[in-house]
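What follows is the residue order along each chain.
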Amino acid sequence: MKKLSALFVTGALLISVLGGCGKAASTESANEAQVSTAAQTEAATEAAAEEAAPADGDKVIRVGANPVPHADILDNALKAELAKDGWTLETVVFEDYVLPNTSLEQGELDANYFQTLGYLNQQNEEAGLHLAAIAGVHIEPMGIYSEKYTSLDEIPEGAEIGIPNDPENTERGLNLLVQKGLLTGLGTFAEDKSVENIVNNAELNPKGFKITTLEAASLPLALPDLDAATINGNYALGADLPSKHPALDIEEFDDETSVRRTNFFVVRQGEEESEKSKALIKAIQSDAVKQYIEETYKGSVIPSFIDPQ
């Protein structure tokens, strides 16, 4: 009888112990499930936060540019400078002067690099854009080029001279012709700088030149059919004109024209102080980029690290 009682007590204790272990195991599993759920919730919250993070938080900068020298400077000098601070540069090349601005306006780019302040202001006004310059980089002297003549003195009366057709560069081309004595800056030229006024005014156009306006990018291709042309530096470089048909003469600059002729980095208005803009300014106005421009272009492109005015 005592043995049966002992066995009964022992069995009861065993059941109690086993029941206690089962309860502890269940509690531990529940705790693990709660921790797992909390971790999943935290991960989901972090993922949502990353999706909601501002675009400026990424480390890729997309810059639109004309091929030469802009894209060359970006890929061969700026990219390495940006990489030092953890930025990745993506260069998007455009062959014209219109799409780089409209693409930036539409948010397809973070910045562009191809234009002067005068052209930028004109596009903001006429095309209803909202863009702002943040940093000057270089000047490309406009030159007078010819495949038929080797000096300005050889250009005959009545010759056909091509100039760019956009307002900023039309005026620039005409001023270059005045600066080099092919046209005069007297009389009504100061008041009416239209091509028609100059061509039909014997005082302003004493040699009776025919002035033809063409898209800036097409002037190097049209040069064989013209007696001469005023060509922007980037398009002259892109067509390898400096080595094949060196400029008969190039622009001269004072302080005012240096500002007007500088090519600037441009962003959307309101993003002048963004992290990407600050990174671009720091990198593009570095000693390394300056050295690259000077050593690569040897005067056909001139560093001009000035602030917008």
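Provided above is the structure to which this section pertains.
Here the residue numbers are simple positions, counted from 1 along each chain's written sequence. With the structure being a predicted model, the display of local features is reserved for residues of pLDDT at least 70 and the display and counting of side-chain atom pairs for 80 or more, all residues being used for whole-chain, interface and lining totals. The basis for every side-chain value is the complete set of non-hydrogen atoms in the structure, without hydrogens or water.

Visitor: Honestly, the nonpolar core in this entry has me stumped. Any pointers?
Guide: Grouped burial of nonpolar side chains is what soluble globular proteins tend to show. Side-chain atoms within 4.5 Å are what join buried Ala, Val, Leu, Ile, Met, Phe, Trp, Tyr and Cys residues into a set we call a nonpolar core. Burial here depends on accessible area, computed with a 1.4 Å probe over protein chains only, as a share of the maximum for the residue type. Under 20% is buried, over 50% is exposed, and the range in between is partly exposed. In this structure, V63, L78, L82 and F265 are the most contacted members of the largest nonpolar core, which totals 28 residues. Those elements that provide at least two residues to this core are strand 1 (60-65), helix 2 (67-83), strand 3 (111-115), strand 4 (131-139), strand 10 (262-268), helix 11 (275-284) and helix 12 (287-297). The element best represented in this core is helix 2, accounting for six residues. Only runs of H or I of at least four residues qualify as helices and only runs of E of at least two qualify as strands under DSSP, and these elements are numbered from the N terminus.

Visitor: Just to check I follow, could you spell out the environment of S286 for this structure?
Guide: Looking at the element boundaries, S286 is found in the loop between helix 11 and helix 12. In the structure, S286 is positioned 19 residues away from F305 in sequence and 9.1 Å away in space, judged by C-alpha atoms. In what follows, residue pairs with any heavy atoms lying within 4.5 Å of each other are defined as contacts. Sequence-distant contacts of S286, defined by excluding residues within four places in its chain, comprise E81 and F305. A polar contact is formed between the side chain of S286 and the backbone oxygen of A283, at a distance of 2.8 Å. Distance and chemistry together define a polar contact, namely a pair of N or O atoms within 3.5 Å, with one atom able to donate a hydrogen and the other to accept it when in protein, and with adjacent residues in sequence counting only for side-chain atoms on both sides.

Visitor: Explanation requested: the pairing of strand 10 in the structure shown.
Guide: It is a general feature of regular strands that their side chains alternate between the two faces of the sheet. Counted residue by residue, strand 10 has seven buried out of seven residues, so it is predominantly covered. Strand pairing is assigned whenever DSSP detects at least two bridges linking the two strands. Looking at chain direction, strand 3 and strand 10 are connected through three bridges and run antiparallel. Following the sheet pairing, Y113 is matched in strand 10 by F265. Summarising the sheet, strand 4 and strand 10 pair through seven bridges and their orientation is antiparallel. Looking across to strand 10, one finds that G136 is bridged to F264.

Visitor: Sorry, what's going on with the pattern of salt bridges here?
Guide: Any two side chains of opposite charge can pair, on the condition that their charged atoms come close. Salt-bridge detection follows one rule: a side-chain nitrogen of Lys or Arg within 4 Å of a carboxyl oxygen of Asp or Glu. Summed over all chains, the structure comprises 15 salt bridges. Measuring nitrogen to oxygen at the nearest pair gives 3.4 Å for the salt bridge that ties D110 to K276. Of this pair, D110 sits in the loop between helix 3 (99-105) and strand 3 while K276 sits in helix 11; the two residues are 166 residues apart in sequence, bridging distant segments of the chain. For the pair D110 and K276, a shared accessibility class is recorded, and that class is buried.

Visitor: Is there a simple way to think about the sheet that holds strand 8 (residues 228-231) in this case?
Guide: Sheet strands pair via backbone hydrogen bonds, and the direction of the pair is either parallel or antiparallel. Within the open sheet, the five strands sit side by side as 7-6-8-5-9. Their pairing is mixed. The open sheet has two edge strands with one neighbour each: strand 7 (210-214) and strand 9 (249-250). Of the pairings in the sheet, the one linking strand 5 (residues 143-145) to strand 9 comprises two bridges and is antiparallel in character. Residue pairing for strand 9: G143 is matched across the bridge by I250. Here the axes come from fitting lines to C-alpha atoms, over the contacting stretch only for helices, and the angles between their N-to-C directions go from 0 to 180 degrees. Across the sheet, helix 5 (residues 167-179) touches strand 5, strand 6 (160-164), strand 7, strand 8 and strand 9, and the angle it forms with strand 6 is around 135°.

Visitor: Before we go on, may I ask you to explain the environment of E271 in this structure?
Guide: Looking at the secondary structure, you find E271 in the loop between strand 10 and helix 11. With a relative accessible area of 29%, E271 lands in the partly exposed category. Taking the C-alpha atoms as reference points, E271 and L131, separated by 140 residues in sequence, lie 9.2 Å from one another.

Visitor: I keep staring at unusual backbone geometry and nothing clicks. Help me out?
Guide: Working note: non-glycine residues mostly have negative phi, and peptide bonds are mostly trans. Following V68, the chain continues to P69 via a peptide bond in cis, the omega torsion being 0°. Mapped onto the elements, P69 comes out in helix 2. In the Ramachandran plot, D240 falls in the positive-phi region, its phi being about 60° despite a non-glycine side chain. Inspection of the secondary structure assignment puts D240 in the loop between helix 8 (233-238) and helix 9 (241-244). On the basis of relative accessible area, D240 is assigned to the partly exposed category, the value being 40%.

Visitor: Explanation requested: the packing of helix 2 against helix 12 in the structure shown.
Guide: Geometry of a packed helix pair, given as the angle between the helix axes and the separation of the axes. Between helix 2 and helix 12, whose axes approach to 9 Å, the crossing angle comes to 140°. As far as their axial angle goes, helix 12 and helix 2 are oblique. The interaxial crossing formed by helix 2 with helix 12 has right-handed handedness. The segment helix 2 lies against helix 12, with P69, D72, I73, N76, A77, L78 and E81 engaging A288, V289, Y292, I293 and Y297. In these notes the angle categories are as follows: under 35 degrees is roughly parallel, over 145 is roughly antiparallel, 65 to 115 is roughly perpendicular, and the rest is oblique. Helix crossings fall into two classes, left-handed where the near helix is turned counterclockwise from the far one by less than a right angle and right-handed where it is turned clockwise.

Visitor: Any chance you could explain the sheet that holds strand 1 here in plain terms?
Guide: Spatial strand order, 2-1-3-10-4-11: six strands in an open sheet with mixed pairing. Strands at the two margins of the open sheet, each flanked by one partner only, are strand 2 (88-93) and strand 11 (302-303). Each of strand 3, strand 4 and strand 10 touches helix 4 (residues 117-127); the most contacted strand, strand 4, lies at about 155° to it.

Visitor: What am I meant to see in the packing of aromatic side chains here?
Guide: For any pair of aromatic rings, the description consists of the separation of the ring centres together with the inter-plane angle of the planes. Under the pairing criterion, centres of Phe, Tyr and Trp rings, with the six-membered ring standing for Trp, must be within 6.5 Å; the plane angle then separates stacked pairs below 30 degrees from edge-to-face pairs above 60, leaving the rest tilted. Going through the model one piece at a time under the given rule, you end up with six aromatic pairs. A ring pair is formed by Y113 and F265, whose centres lie 4.9 Å apart and whose planes are at 10°; its orientation type is stacked. Linking Y113 in strand 3 with F265 in strand 10, this pair joins segments that are 152 residues apart in sequence. Comparing Y113 with F265 shows no difference in burial state: the two are buried. Ring-pair connections join several aromatic residues into one group, and the members of that group are Y97, F114, Y119 and Y235. By the criterion adopted, a ring carries a charge over it if an Arg CZ or a Lys NZ lies within 6 Å of its centre and within 35 degrees of its normal. Seen from the ring of W87, K59 lies directly overhead, with NZ or CZ sitting 3.8 Å from the centre.

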